[in-house]
Amino acid sequence: AAGLVRPAEIGLRPEDLVLSETGCLSGQVRLIEHLGEVQLLHMTGAVDFIAKVSGQVRIAGGQTCRFAPAPGALHLFDAQGQSVCAPLWIHAEARI
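Everything in this summary refers to the structure shown in the same document. Note that the structure is predicted; figures quoted are calculated from it, not measured. Counting starts from 1 at the beginning of each chain's written sequence and moves along it residue by residue. The model is predicted, so local features are restricted to residues of pLDDT at least 70 and side-chain atom pairs to those at 80 or more, both for listing and for counting; the totals for chains, interfaces and linings are taken over all residues. Heavy atoms throughout the structure, all of them, feed into the side-chain values; hydrogens and water do not.

## Brief notes about a nonpolar patch on the surface
Part 1: Excluding any residue in a salt bridge, patches collect residues exceeding 30% relative accessible area, merging like charges within 9 Å and nonpolar Val, Leu, Ile, Met, Phe, Trp and Tyr side chains within 5 Å. Here, Shrake-Rupley sampling with a 1.4 Å probe gives the accessible areas, and only protein chains in the shown set may cover a residue. Think of a salt bridge as a Lys or Arg side-chain nitrogen and an Asp or Glu carboxyl oxygen that are within 4 Å of each other. Nonpolar side chains collect at one region of the surface, where I10, L12 and L74 lie side by side and expose about 280 Å² of accessible area between them.
Part 2: We count a stretch as a helix when DSSP gives it H or I for four or more residues in a row; a strand needs E for two or more, and each element gets its number in order from the N terminus. Along the chain, L74 turns up in the loop between strand 6 (64–69) and strand 7 (75–78).
Part 3: Burial here depends on accessible area, computed with a 1.4 Å probe over protein chains only, as a share of the maximum for the residue type. Under 20% is buried, over 50% is exposed, and the range in between is partly exposed. According to the relative accessible area criterion, L74 is exposed, its value standing at 52%.

Below, the structure is given as structure tokens:
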């Protein structure tokens, strides 16, 4: 049906990214913020993003890491930045 496909953005919170050898999101560590029990990894790749990991994880600047979203962690937004309910169909178009 016409009008059912609209541009959308997917959002993920830094704490909802999980280190994974097979993760769909990868990047190179640009900056590490050591905050005690957690670290914020500022990543550069096809898209720039921040991941929050345990302070016990050994990560080095320049290292390449892969992440997967935690189950149920994807948030969908319309072109105006408004949150939308989970659609029946999502057509993804990479624009990176």
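Structure's up, so let's keep going.
## A short note on the side chain of D16
Part 1: Relative to the assigned elements, D16 resides in the loop between strand 1 (8–11) and strand 2 (17–19).
Part 2: Neither His nor the chain termini are counted; the positive set is Lys and Arg, and the negative set is Asp and Glu. This buried residue, D16, is left without a salt bridge; R13 holds the nearest opposite charge, at 4.5 Å.
Part 3: We call two residues in contact when some of their heavy atoms are within 4.5 Å. In this structure, D16 is in contact with A68, P69, A70, A73 and H75, ignoring residues within four places of it in sequence.

## Details of the side chain of Q39
Part 1: Structurally, the position occupied by Q39 is in strand 4 (residues 38–44).
Part 2: Look at Q39 and you get buried, because its relative accessible area is 2%.
Part 3: At 3.5 Å, the side chain of Q39 and the side chain of H34 are in polar contact.
Part 4: Apart from the residues within four sequence positions on either side, Q39 is in contact with I32, E33, H34, A51, K52, V53, S54, G55, Q56 and V57. For this analysis, a polar contact is any N or O atom pair within 3.5 Å, provided that within protein one partner can donate a hydrogen and the other can accept it, and provided that sequence-adjacent residues contribute only side-chain to side-chain pairs.

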